[in-house]
Structures are given as structure tokens and as C-alpha cells.
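Descriptive analysis of the structure
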Amino acid sequence: SGSGNLPNKIEPKKLPKLVYHIIKDKELRRQLDMYGLPPGGERKIMVNRLKEFTHRYNASIDSGNPLGYREIASKVMAEEKQRLKAEAL
């Protein structure tokens, strides 16, 4: 890729932190879907998924090396699988 620092490059914006206890399930699912995350499962799991995604995405912007939604979504889902597997033991 190389020349990623073009002056007219649009800086990615951080995602807002949502107030999860008032957000409706339908909106939660819409948000998950928008970022390429599975919009299903228990509400607690969906909230954790979106929180983790938001945290990682914003951290990647802070690092100066922002990752795309898809890349972060796959990391979040890989970790979720690991965690669920560990909890099942």
C-alpha cells in the first residue's frame, strides 16, 4: 500500500460509546450488523460484542494505525469463541 499519509485522507472517526442499558434490542442488532458482527444471541453477549468492537476500533484509531471494521470484527468474534469455549470447560 505505501503512501497512506495523503493530506486529503479522511481521518476515521471514533465510534461513540452507547448507553447500553437503554438501547433497544432492534437498535443493538442494527449496530452489530452495520459493523459486520453477528446480530444474534443473548442480549448480554450482543452488548459485550459491541462494547469490545467499539473499544478495539477506537484503540486502533488512537494507535495511529486504524484497522477496518471487518478486521476488528473477526478478532472480536475469534476472542468470543475462545472465551465461550473456555467457559464451557
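Above this text you will find the structure in question.
Below is a short write-up of the structure.

1. Considerations on the overall build of the protein chain
What the protein chain contains, in helices and strands, is 3 helices and 0 strands. Ordered by position from the N terminus, the helices and strands of the protein chain form the series α-α-α. Per-residue burial for the protein chain yields a buried fraction of 26% across its 89 residues.

2. So, helix α2 (residues 43-62)
Compared with an ideal rise of 1.5 Å per residue, which puts 20 residues at 28 Å, α2 spans 28 Å between its outermost C-alpha atoms and is within 8% of the ideal. Here α2 has its buried residues at M46, V47, R49, L50, F53, T54, Y57, N58, S60 and I61. Taken end-on, α2 shows its buried residues confined to a sector of 170 degrees, consistent with a single buried face. Seen from the buried face of α2, the exposed residues on the opposite side, beyond 90 degrees, are K44, H55 and D62. Looking at the buried residues of α2, the elements they touch are α1 (25-34) and α3 (69-88).

3. Quick notes on the packing of α1 against α2
At their nearest, the axes of α1 and α2 sit 10 Å apart, and the two run at 40 degrees to each other. Relative to α2, the element α1 lies oblique. The two elements α1 and α2 cross, and the hand of that crossing is left-handed. On α2, the residues touching D25, L28, R29, Q31 and L32 of α1 are R43, M46, V47, R49 and L50. The residue makeup of the contact of α1 with α2, split by class, is 5 nonpolar, 1 polar and 4 charged.

4. What about the packing of aromatic side chains?
According to the stated counting rule, one finds 5 aromatic pairs in the structure shown. Ring geometry for Y35 versus F53: centroids 4.9 Å apart, planes at 20 degrees, classification stacked. Placement of the pair is Y35 in the loop between α1 and α2 and F53 in helix α2, with a sequence separation of 18 residues. Classification of Y35 as buried rests on a relative accessible area of 8%. Of the aromatic side chains, those joined through ring pairs into one cluster are Y35, F53, Y57 and Y69.

5. Quick word on the side chain of Q31
Structurally, the position occupied by Q31 is in helix α1. Not counting residues within four places of it along the chain, the set of residues in contact with Q31 comprises L18 and L50.

6. Observations regarding the packing of α2 against α3
Packing of α2 against α3 brings their axes to within 10 Å, and their N-to-C directions diverge by 130 degrees. Classified by the angle their axes make, α2 and α3 are oblique. Helix-helix and strand crossings are classified by hand; for α2 and α3 the assignment is right-handed. Contacts from I45, R49, E52, F53, R56, Y57 and S60 in α2 reach Y69, I72, A73, K75, V76, M77, E79 and E80 in α3. Across the contact of α2 with α3, the residue classes tally to 8 nonpolar, 1 polar and 6 charged.

About the cut-offs
- Residues numbered from 1 in each chain as written.
- Predicted model: local features only at pLDDT ≥ 70, side-chain atom pairs only at ≥ 80, totals over all residues.
- Heavy atoms only, no water.
- Helix = DSSP H or I, 4+ residues; strand = E, 2+ residues; numbered from the N terminus.
- Buried < 20%, exposed > 50% of the residue type's maximum accessible area, 1.4 Å probe, protein only.
- Expected span 1.5 Å × (residues − 1).
- Arc of directions from axis to C-beta.
- Contact = heavy atoms within 4.5 Å.
- Axes fitted to C-alpha atoms, helices over the stretch in contact; angles between N-to-C directions.
- Parallel < 35°, antiparallel > 145°, perpendicular 65-115°, else oblique.
- Left-handed = near helix turned anticlockwise from the far one by under 90°.
- Nonpolar A, V, L, I, M, F, W, Y, C, P; charged D, E, K, R; others polar.
- Phe/Tyr/Trp six-rings, centres within 6.5 Å; stacked < 30°, edge-to-face > 60°.

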